[in-house]
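The chain contents come next:
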Amino acid sequence: MNRTTMLIAVMLLLTVSEPLLAQNPTATPGTKAAASRFYLKAGGGYFFSVFPGQFPDVGPYPPHDVRSTYNPANGQTTTVSDKVLTGSYGEGARGGLSFGWNINRFIALEGTVNYYRSKENLMTRQLTTVQGSDQVAGSIESNGYARAFDFAPGIVMSPGFEKLNPYVRFGMVIPFYGRLHIETDATTSTPVSATVVAQTTIHREEAVHPNITLGFQGALGLTMPVGQRFDVFVETEYRNVPAKSKKKEVTRYEETTRVVNTSNGAVISTQQRGLNDLSTAERNTDYVTTLDAGSNTAIGREGTQTRYKDDNRAANELKSYINIGGLGANAGIRFRF
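The sections below set out a description of the structure shown in this document. Every chain begins its residue count from 1, and numbering advances along the sequence as written. This being a predicted model, a pLDDT of at least 70 is required before a residue's local features are given, and a value of 80 or more before pairs of side-chain atoms are given or counted; all residues contribute to the totals for chains, interfaces and linings. Only hydrogens and water are set aside; all other atoms, that is, all heavy atoms of the structure, feed into the side-chain values.

Overview of the pairing of strand β6 (residues 92-102)
Argument step 1. Here the rule is simple: two strands pair whenever DSSP picks up at least two bridges between them. Only DSSP runs of H or I covering at least 4 residues are called helices, and only runs of E covering at least 2 are called strands; the numbering of each starts at the N terminus. Strand direction decides the pairing type here: strand β1 (residues 38-48) and β6, joined by 10 bridges, are antiparallel. In the sheet register, Gly45 faces β6, and the bridge partner there is Arg94.
Argument step 2. Two elements, β6 and strand β7 (residues 107-118), share 11 bridges in a ladder whose sense is antiparallel. Bridging from a neighbouring strand, Trp101 pairs with Leu109 of β7.
Argument step 3. Counting the residues in the hairpin turn of β6 and β7 gives four residues.

The structure is reproduced here in structure tokens:
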């Protein structure tokens, strides 16, 4: 047998033995056989905002923190301070479950289902006090947070070391459920006569539905074996997941107006409005890129009720954009089958 024939025989032997070795259940962790198995990961972490921006409007209220004073003598309101509110919904906690398959010692395919809940952000605030005192004449404050489930397919590449094994992961983020939840509390005090005022309190909860979107994920990590089939991992991950609003619905509404005699504190009368008392336009919103003459926009107010061109169909507002991505750290455990 000449050298060429022997070399061909050796190459064929290595080609055949490679998949057989990968199926050998007695192989030790860290070898090619151990790397050619399915694995399951469970982990979680916390993410921080990378590129904060201005928050979207909350209905007719812009993302500002406004402090004003009211002069009861002439009915004028004066703005004392005005601050733009900025931030991101990319800061929050995330947990996930991953299933992976090692193609070979160096490359794996991985898919992860994640649950994410952002921290709560102040979206708008307006506080009006009676001039020369701390008495609140009116206030409104809205806070929002995002919740989402996503599927993140990716490719994992590593040098295949047996003990401390660094890796890089990159891929896509496909949200399949998400909501921006906004909670608003408001109070107003309106004089009826010299000794009678109408005090109104409102609690409102809304859910903003996003359009279908795609995002990007990338991570640098390290795995370390802690048993025959178990590894621990730590990683730093970056995500960019933009979300564009599609529609909004009011999910809870509580309004109470009490007419009070300020001389003795007696309640003269009480009126209430609930979720079922809202018109279709007050309760539902469709977001659009352009508002024009055909858009169903607000035309005025009657007390606390907002009137629209057509109260019997969803209102229209301009689309808003948020990002639920960020930079964070994850840790967890991996089980090799």
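Quick notes on the environment of Phe161
Argument step 1. One can find Phe161 in the loop between β9 (136-157) and β10 (165-191).
Argument step 2. Buried means the residue's accessible area, taken with a 1.4 Å probe over protein chains only, is under 20% of the maximum for its type, while exposed means over 50%, and partly exposed covers the values in between. Owing to a relative accessible area of 48%, Phe161 belongs among the partly exposed residues under this scheme.
Argument step 3. Taking the C-alpha atoms as reference points, Phe161 and Thr223, 62 residues apart in sequence, are found 9.5 Å from one another.

Examining the pattern of salt bridges
Argument step 1. Within this document, salt bridges are pairs made up of a side-chain nitrogen of Lys or Arg and a carboxyl oxygen of Asp or Glu, the two lying within 4 Å of each other. This model, assessed by the stated rule, comprises 21 salt bridges.
Argument step 2. Across the salt bridge formed by Glu205 and Arg252, the nearest N and O atoms sit 3.3 Å from each other. Of this pair, Glu205 sits in strand β11 (residues 196-210) while Arg252 sits in strand β14 (residues 242-261), placing them 47 residues apart in sequence.
Argument step 3. Members of the salt-bridge network, linked through shared partners, are Asp150, Arg169, Glu235, Glu237 and Arg239.

Side note on the environment of Glu91
Argument step 1. Summarising the element assignment, Glu91 is placed in the loop between β5 (86-87) and β6.
Argument step 2. Here the alpha-carbon distance between Glu91 and Ser49, two residues 42 residues apart in the chain, equals 4.9 Å.
Argument step 3. Residue contacts are defined here by distance: any two heavy atoms, one from each residue, within 4.5 Å place the two residues in contact. Dropping the residues within four chain positions of it, Glu91 is found in contact with Tyr46, Phe47, Phe48, Ser49, Tyr116, Ser118 and Lys119.

Quick notes on the pairing of β14
Argument step 1. Looking at chain direction, β11 and β14 are connected through 15 bridges and run antiparallel. Directly across from Thr200, in β14, lies its bridge partner Thr257.
Argument step 2. Strand direction decides the pairing type here: β14 and strand β20 (residues 321-323), joined by three bridges, are antiparallel. Looking at the pairing, Ala243 lines up with Ile322 of β20.
Argument step 3. Inspection of the sheet shows β14 paired to strand β16 (residues 284-288) by three bridges, in the antiparallel sense. Looking at β16, one finds that Glu249 is bridged to Asn284.
Argument step 4. Here β14 pairs with strand β15 (residues 266-274) via eight bridges, running antiparallel.

So, the side chain of Thr69
Argument step 1. Topologically, Thr69 is positioned in strand β3 (residues 64-71).
Argument step 2. Leaving out residues up to four positions away in the same chain, Thr69 has contacts with Gln76, Thr77, Thr78, Val80, Thr128, Thr129 and Gln131.

A word on the packing of aromatic side chains
Argument step 1. Here is the rule: rings of Phe, Tyr and Trp (six-membered ring for Trp) pair when centre to centre is within 6.5 Å. Planes less than 30 degrees apart are stacked, more than 60 are edge-to-face, and the remainder are tilted. Under the criterion given, the structure shown has 10 aromatic pairs.
Argument step 2. Ring centres 4.9 Å apart and planes at 45° place the aromatic pair Tyr115 and Phe149 in the tilted group. Of this pair, Tyr115 sits in strand β7 while Phe149 sits in strand β9, and the two are 34 residues apart along the sequence.
Argument step 3. On the basis of relative accessible area, Tyr115 is assigned to the partly exposed category, the value being 31%.
Argument step 4. With a centroid separation of 6.3 Å and an interplanar angle of 25°, the aromatic rings of Phe149 and Phe176 are classed as stacked. Here Phe149 is found in strand β9, whereas its partner Phe176 is found in strand β10, with 27 residues between them in sequence.
Argument step 5. Using a relative accessible area of 33% as the deciding quantity, one classes Phe149 as partly exposed.
Argument step 6. Here the aromatic cluster, defined as three or more aromatic residues joined through ring pairs, consists of Phe38, Phe99, Trp101, Phe230, Phe335 and Phe337.
Argument step 7. Geometrically, a lysine NZ or arginine CZ counts as sitting over a ring once it is within 6 Å of the ring centre and also within 35 degrees of the ring normal. We note Lys41 situated over the ring of Phe233; from NZ or CZ to the ring centre the distance is 4.4 Å.

What to know about the side chain of Gln305
Argument step 1. Following the sequence through the fold, Gln305 ends up in strand β18 (residues 305-308).
Argument step 2. Here Gln305 falls in the buried class, since its relative accessible area comes to 19%.
Argument step 3. Not counting residues up to four positions away in its chain, the partners in contact with Gln305 are Arg273, Glu282 and Gly300.

Purely spatial values, then, with no claim about function.
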